Amino acid sequence: MPVYALGEVQPNIHPDAFVHPQAVIIGKVVVGAESSIWPGAVLRGDGAGITVGERTSIQDNVVLHNTMYDCTQVGNDVTVGHLAHLEGCIVEDEALIGVSSVVLPKAVVGKGALVAACAVVTNSMEVPSLALALGIPAKIREGHMQEGSNLHNARGYVERGYMYRSEMRELDPKELGIWQPPTC
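Just so you know, these numbers come straight off a predicted model, no measurement behind them.

Colleague: In this structure, what is going on with the overall build of the protein chain? I would like to understand it.
Modeller: Assigned secondary structure in the protein chain consists of one helix and 20 strands. The principal-axis extent of the C-alpha atoms belonging to the protein chain is close to 55 × 50 × 25 Å. For the protein chain, the share of sequence-separated contacts (at least 6 apart) that also reach a separation of at least 24 residues comes to 11%. Per element, the accessible surface of the protein chain, about 9,800 Å² overall, is 55% carbon and sulfur. Looking at charge distribution, the protein chain has the averaged site of its 12 positive side-chain charges lying 3 Å from that of its 20 negative ones.

Colleague: What is the right way to look at the side chain of N150 in this model?
Modeller: By the secondary structure assignment, N150 is in the loop between strand 20 (139–141) and helix 1 (151–167). Under the relative-accessibility criterion, N150 is labelled buried at 4%. For N150, the side chain forms a polar contact with the main-chain oxygen of D77, separated by 3.2 Å. If we skip the residues at most four places from it in the chain, N150 touches D77, V78, T79, E94, A95 and L96.

Colleague: What's the story with the side chain of T67 in this structure? I'm lost.
Modeller: Within the fold, T67 resides in the loop between strand 8 (63–65) and strand 9 (72–74). What makes T67 buried here is its relative accessible area of 19%. At 3.1 Å, the side chain of T67 forms a polar contact with the backbone nitrogen of Y69. In this structure T67 touches G47, A48, E87, G88 and P105, once residues within four positions along its chain are discounted.

Colleague: I tried to follow the sheet that holds strand 7 (residues 57–58) on my own but got confused; where do I start?
Modeller: Backbone-to-backbone hydrogen bonds join strands into a sheet, with any given pair of strands oriented parallel or antiparallel. Across the sheet, which stays open at both edges, the eight strands sit in the order 3-5-7-10-13-16-19-20 with mixed pairing between neighbours. If you trace the sheet from one side to the other, it starts and ends with strand 3 (18–19) and strand 20, each paired once. For strand 7 and strand 10 (residues 79–80), the ladder comprises two bridges, and the chain directions are parallel. What sits directly across from S57, in strand 10, is T79.

About the thresholds
- Residues numbered from 1 in each chain as written.
- Predicted model: local features only at pLDDT ≥ 70, side-chain atom pairs only at ≥ 80, totals over all residues.
- Heavy atoms only, no water.
- Helix = DSSP H or I, 4+ residues; strand = E, 2+ residues; numbered from the N terminus.
- Contact = heavy atoms within 4.5 Å.
- Areas by Shrake-Rupley, 256 points an atom, 1.4 Å probe, with all protein chains shown as cover.
- Lys, Arg positive; Asp, Glu negative; His and termini not counted.
- Charge placed at Lys NZ, Arg CZ, Asp CG, Glu CD.
- Buried < 20%, exposed > 50% of the residue type's maximum accessible area, 1.4 Å probe, protein only.
- Polar contact = N/O pair within 3.5 Å; in protein donor to acceptor, adjacent residues only side chain to side chain.
- Pairing = 2+ DSSP bridges.

What follows is the structure, encoded as structure tokens:
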């Protein structure tokens, strides 16, 4: 896995975290126990830093960045969907950040909240706990989520991280054999 120091600053990744070999982690980044960082994800801590809590899934092609003054904080049991971009914001425990959504600097996504796919949570916006944020810019619908509704998803990715750590292996092209077209 490409993990890089930036000057004297280097990532701190818990040994129980799973980081896919094609994810990139640079600089001031902390990844907690049983979290998973999937292919193509980039965590670039070249400013105030990035913290990913425990049992959190940072899925394929997610970008986590920070500003020089605002760190990006992602809590415990969070699922960050494919292609999302988080920048200098706070995502509290058990939140779900939908596919291709954006959360901008100084925004706060409350505990158990859901940011819908493709939503944009603008600068300094607050998404209350258990609320739904959807649209561009995001509109808030309070009380839409139930306590603990994202835990099943988060726990599934913890299990998947362990499975990948023990079962994933890179194949040599010679191992692939001869391709056979499917038959009906």
